[in-house]
Amino acid sequence: MTIQKNQTTAAGAQPSALIIGGGVIGCAAAYELGKAGFRCTVLDKGGLAQEASTAAAGMLGAQVETHQPGPFYEMCRASQRMYTEWTDELEQASGISVQYRAEGILRAALTAEDEQELRSRLAWIREAEWLEPSEMLRLESELSPDIHGGLHLPADHQVQPVWLAEALKAALVNQGCRIREWTPAIRLLSEPGTGRVTGVQTSEGPLYADLTVLAAGAWTPALTEPIGLSLPMFPVKGQCISVRTDAPLIRSTVFTKGCYIVPKLDGSYIIGASQLEAGFDKRIHVQTIAELHAKAVELLPRMAEAEFVRTWAGLRPGTRDALPFLGVWDEAPGLVFATGQYRNGILLAPVTGRIVKQLALSEQPFLDLAPYAPSRVLKAATATI
Ligand SMILES: Cc1cc2nc3c(=O)[nH]c(=O)nc-3n(C[C@H](O)[C@H](O)[C@H](O)COP(=O)(O)OP(=O)(O)OC[C@H]3O[C@@H](n4cnc5c(N)ncnc54)[C@H](O)[C@@H]3O)c2cc1C
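Rules and cut-offs
Residues numbered from 1 in each chain as written. Predicted model: local features only at pLDDT ≥ 70, side-chain atom pairs only at ≥ 80, totals over all residues. Heavy atoms only, no water. UniProt positions renumbered as here; feature names shortened; annotations may be inferred. Core = buried A, V, L, I, M, F, W, Y, C linked by side-chain atoms within 4.5 Å. Buried < 20%, exposed > 50% of the residue type's maximum accessible area, 1.4 Å probe, protein only. Helix = DSSP H or I, 4+ residues; strand = E, 2+ residues; numbered from the N terminus. Contact = heavy atoms within 4.5 Å. Disulfide = S-S within 2.5 Å. Pairing = 2+ DSSP bridges. Axes fitted to C-alpha atoms, helices over the stretch in contact; angles between N-to-C directions. Parallel < 35°, antiparallel > 145°, perpendicular 65-115°, else oblique. Nonpolar A, V, L, I, M, F, W, Y, C, P; charged D, E, K, R; others polar. Expected span 1.5 Å × (residues − 1). Bend = angle between axes of the 7 residues up to and from the residue. Polar contact = N/O pair within 3.5 Å; in protein donor to acceptor, adjacent residues only side chain to side chain. Domains from an automatic or database assignment. Buried area = accessible area lost by both parts, 1.4 Å probe.

Per an unreviewed UniProt entry, the chain carries the name glycine oxidase and comes from Paenibacillus allorhizosphaerae. Its UniProt record gives the chain a comment under Catalytic activity (unreviewed entry), which states: "glycine + O2 + H2O = glyoxylate + H2O2 + NH4(+)".

Rendered as structure tokens:
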């Protein structure tokens, strides 16, 4: 993509970028663009990272979250490999720890059917081994003796998303990025004739930039509809509970069908997460929380003794084909799409930031972006006519 300076950017001045959405995806994009010399402004309708990004459990689950081989699995693995270097640098830039934990995930089967499905993944999944029940219990002795064994996924680490978001924000401030919270983008601004996106109309007036990055999570379609691109995206509500126990019960994240338990460095555990398409409703339902807790007790019986800390809900940016929208669209030059990371936005933050930077600098992206092209929607629509 060729960055065309708009009339507000003087010749020789740094190029400017406007990032719509201050979740981990928008902040990761701004961070990489800032390092590449762009003058960035991050715009959010609320406070930075108050939506899906801080509702997340923080698993970097390339192995546990993918159910088939292919480009998406490879993208998840690429981001996973980038993570320690990316967070080490981010911690240096911000002075904030993201609370990285490298103990891995045990994906336990509680039924014969689940065991069969998990064993079938061994044909293509990398960095995984099957453990019999006694081997699982040797690693995590508090697991239920009723488990049928499971997958040991040593490369699926975790961070604390709240601290990741804080670190990104501090790093952006230190870079000199302008952060405009409580400033919703109302519509994209474009040049008549060429369709080139030149910025956004906000609640505070127009903002112009050489490059605009669309990272508005589940809210993205409201911004693309007016430019003729109807993105099949929708919010998928996830509810979680946080609990504590007197003594630590597990070191690894333990995960089974319908529930995971992620131990955090502060001694708490995140039990997650439900999955429901319910529009933009973030209410917490007692029954859902009770079911999650019951499932956690089935997997880790001593969770029955846990002390309740809090509950919350977040809206994952879902897409119909479960793939993100990452790349550019010929009809709207000057606009980069970085959205729809669904269940894996924490994991995919480094890879997304890097690809946005490569597109902004007109470099060849290090991954093939064809599966994630925003225009695939138009092709799908034409195919069904
Ligand atoms: C319960 C739960 C558990 C999860 N667990 C994990 C996990 O373990 N690992 C993992 O990798 N992922 C996980 N995820 C998924 C992950 O949280 C998301 O994929 C990721 O946060 C998406 O980031 P984002 O920046 O695109 O979206 P968001 O964090 O939702 O950010 C979008 C931002 O855009 C802003 N915005 C929207 N519209 C406008 C507008 N018009 N103008 C200005 N700003 C706007 C919003 O206010 C928001 O701040 C989980 C999600 C949930 C809900």
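Additional details are given in the paragraphs that follow.
Asker: Describe the nonpolar core, naming the residues involved and giving the relevant values.
Answerer: Membership of the largest hydrophobic core comes to 53 residues, with the highest contact counts inside it found for Leu33, Trp86, Leu164 and Val213. Counting residues per element, the ones that place at least two in this core are strand S1 (16–20), helix H1 (24–35), strand S2 (39–43), helix H4 (71–94), helix H7 (161–175), strand S10 (211–214), strand S17 (335–339) and helix H10 (345–360). No other element matches the 9 residues that H10 contributes to this core. Aside from chain neighbours lying at most four places away, what touches leucine 164 is Val24, Tyr83, Trp86, Leu90, Val98, Val159 and Ile346.

Asker: Could you give me a rundown of the state of the cysteines, with the residues and numbers involved?
Answerer: Going through the model one piece at a time under the given rule, you end up with 0 disulfides. In this model cysteine 27 remains outside any disulfide bridge; the closest cysteine sulfur is found in cysteine 177, 7.7 Å from its own. Summary of cysteine pairing: cysteine 76 is not part of a disulfide, and the nearest cysteine sulfur, belonging to cysteine 240, is at 19 Å. Residue classification places cysteine 76 among the buried residues on the basis of a relative accessible area of 1%.

Asker: With reference to specific residues and values, describe the sheet that holds strand S7 (residues 185–190).
Answerer: Spatially, S7-S8-S9 is the arrangement adopted by the 3 strands of the open sheet, whose pairing is antiparallel. Looking at the sheet topology across the chains shown, the edges are occupied by S7 and strand S9 (205–208). Going from strand to strand, the sheet's axes swing by 30 degrees on average, the running direction of each strand aside. For strand S8 (residues 197–202) and S9, the ladder comprises 4 bridges, and the chain directions are antiparallel. What sits directly across from valine 200, in S9, is leucine 207.

Asker: Explain the packing of H1 against H4 residue by residue, including any values.
Answerer: Interaxial distance between H1 and H4 falls to 13 Å at its minimum, and their mutual angle equals 75 degrees. In terms of orientation, H1 lies roughly perpendicular with respect to H4. Residues Ala28, Tyr31, Glu32 and Lys35 of H1 form the contact with H4, whose participating residues are Trp86, Glu89, Leu90 and Ala93. Per-class residue counts for the contact of H1 with H4 are 5 nonpolar, no polar and 3 charged.

Asker: Let's hear about the sheet that holds strand S6 (residues 178–180): which residues, and what values?
Answerer: The 6 strands lie next to each other as S6-S2-S1-S10-S17-S16, forming an open sheet whose pairing is mixed. At either end of the open sheet lies a strand with only one pairing partner, and these are S6 and strand S16 (325–328). The sheet shows a mean angle of 15 degrees between the axes of neighbouring strands, direction not considered. Pairing between S2 and S6: 3 bridges, direction parallel. Paired with leucine 43 across the two strands is arginine 180, which belongs to S6.

Asker: So what about the pairing of S7? Which residues, and what values?
Answerer: Strand direction decides the pairing type here: S7 and S8, joined by 5 bridges, are antiparallel. Bridge pairing links leucine 189 to glycine 199 in S8. Once S7 ends, the chain turns through 6 residues before running back antiparallel as S8, passing glycine 193 with a positive phi of about 95 degrees.

Asker: Help me get a handle on H4, residues and values and all.
Answerer: With 24 residues, H4 extends 32 Å between its outermost C-alpha atoms, agreeing within 8% with the 34 Å of an ideal straight helix rising 1.5 Å per residue. Along its length, H4 shows its largest kink, about 45 degrees, at tyrosine 83. In the stretch just after H4, glycine 95 is the one whose phi turns positive, near 75 degrees.

Asker: Lay out the environment of glutamate 135 with the relevant residues and their values.
Answerer: Looking at where glutamate 135 falls in the secondary structure, it is placed in helix H6 (residues 133–139). Relative accessible area serves as the criterion here: at 30%, glutamate 135 is assigned to the partly exposed category. C-alpha separation for the pair glutamate 135 and glycine 150, spaced 15 residues apart in sequence, amounts to 9.4 Å. For glutamate 135, the side chain forms a polar contact with the main-chain nitrogen of glutamate 132, separated by 2.7 Å.

Asker: How would you explain the domain arrangement of the chain if you had to name every residue and give the values?
Answerer: We note that the domain assignment places domain 1 (16–55 + 163–231 + 321–383) and domain 2 (105–154 + 234–319) within the chain. The straight-line distance from the C-alpha centre of domain 1 to that of domain 2 is 31 Å. The interface is formed by 15 residues belonging to domain 1 together with 16 residues belonging to domain 2. Broken down residue by residue, the surface that domain 1 buries against domain 2 is led by Ala218, Tyr342 and Arg343, which jointly contribute 46%. At the surface where domain 1 touches domain 2, the tally comes to 8 residue pairs in polar contact (both at pLDDT 80 or more). Its residues assigned to classes, the side of domain 1 that touches domain 2 comprises 8 nonpolar, 4 polar and 3 charged.

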